Every structure is written in structure tokens, then in C-alpha cells.
Amino acid sequence: GRCDDLLIPKQSGRVRGFEFDIEKWDGSDFFGPENTGYLFCTERLNKLFEKHQIRKTFWINMKEVDWYYQE
């Protein structure tokens, strides 16, 4: 699946979380923003993995990722 590019902050500096335009997301459970190597999944899929005890996965909440943007 896919969504549009990640939203770019208005100024350089430390940023908390990734954001994208949800209207441009195709609704897939696995999806990635254009022009990145990121792979996101829905909370629904995350819970499904937990329910069926699927191991060897590493989940990071996209709202809690710290990153740095420089213009």
C-alpha cells in the first residue's frame, strides 16, 4: 500500500512523530510514504499480530519517533 509523502515541518529542528495526509492513504494495512524506505502498518494489523502471537517483529509507534529535519 501507499500514502503520499510525509508532511514536512515548517522549520528545521527536532520533530516528534511522522505525519502524512490521511486522505491520500490507500487504506492498506501495510503501507509506505512515497520517496522513503519506511513501512508503516495499521494498529489493527499490530493487534492481529499480537493476538496470533506472531513473533520476530519490531513495532515503533510513528507518533513517538524523534527525528531531525533540516531545510
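Every chain is numbered on its own, with residues counted from 1 as its sequence reads. Only residues with pLDDT of 70 or above have their local features reported here, since the model is predicted, and side-chain atom pairs are shown and tallied only from 80 upward, although totals for entire chains, interfaces and linings are computed over all residues. Where side-chain values are given, they derive from all heavy atoms of the structure, hydrogens and water being excluded.

**Quick look at the layout of surface pockets**
Any empty space left between the atoms is revealed when a probe the size of a water molecule rolls over them. In this analysis a 1.4 Å probe is tested at points of a 1 Å grid over the protein atoms alone, and where it fits but cannot get out there is a cavity; an open set with protein on both sides within 12 Å along at least five of seven lines is a pocket; lining residues have an atom within 4 Å of a point. Grid points are joined across faces, edges and corners, and a volume is the space filled by probe spheres set on the points. Taken as a whole, the largest pocket holds about 730 Å³ of empty space. Contributing to the lining of the largest pocket are 22 residues, with Phe40, Cys41, Ile60, Asn61 and Met62 lying nearest its centre. For the lining of the largest pocket, the secondary-structure elements that each account for two or more residues are β3 (30–33), β4 (40–41) and α1 (43–51). Classification used: nonpolar for Ala, Val, Leu, Ile, Met, Phe, Trp, Tyr, Cys and Pro, charged for Asp, Glu, Lys and Arg, polar for all others including Gly. Tallied by class, the residues present in the lining of the largest pocket amount to 15 nonpolar, four polar and three charged. Under the scheme used here, helices are H or I runs from DSSP no shorter than 4 residues and strands are E runs no shorter than 2 residues, and both carry numbers assigned from the N terminus.

**Considerations on the pairing of β3**
Each pair of strands is called paired provided DSSP finds at least two bridges between the two strands. In this sheet, β3 lies alongside strand β1 (residues 2–3) in parallel orientation, the contact comprising two bridges. Bridge assignment links Arg2 to a residue of β3, and that residue is Gly32. Across two bridges, β3 lies against β4 in antiparallel orientation. Across the sheet, residue Phe31 finds its bridge partner in β4, namely Phe40.

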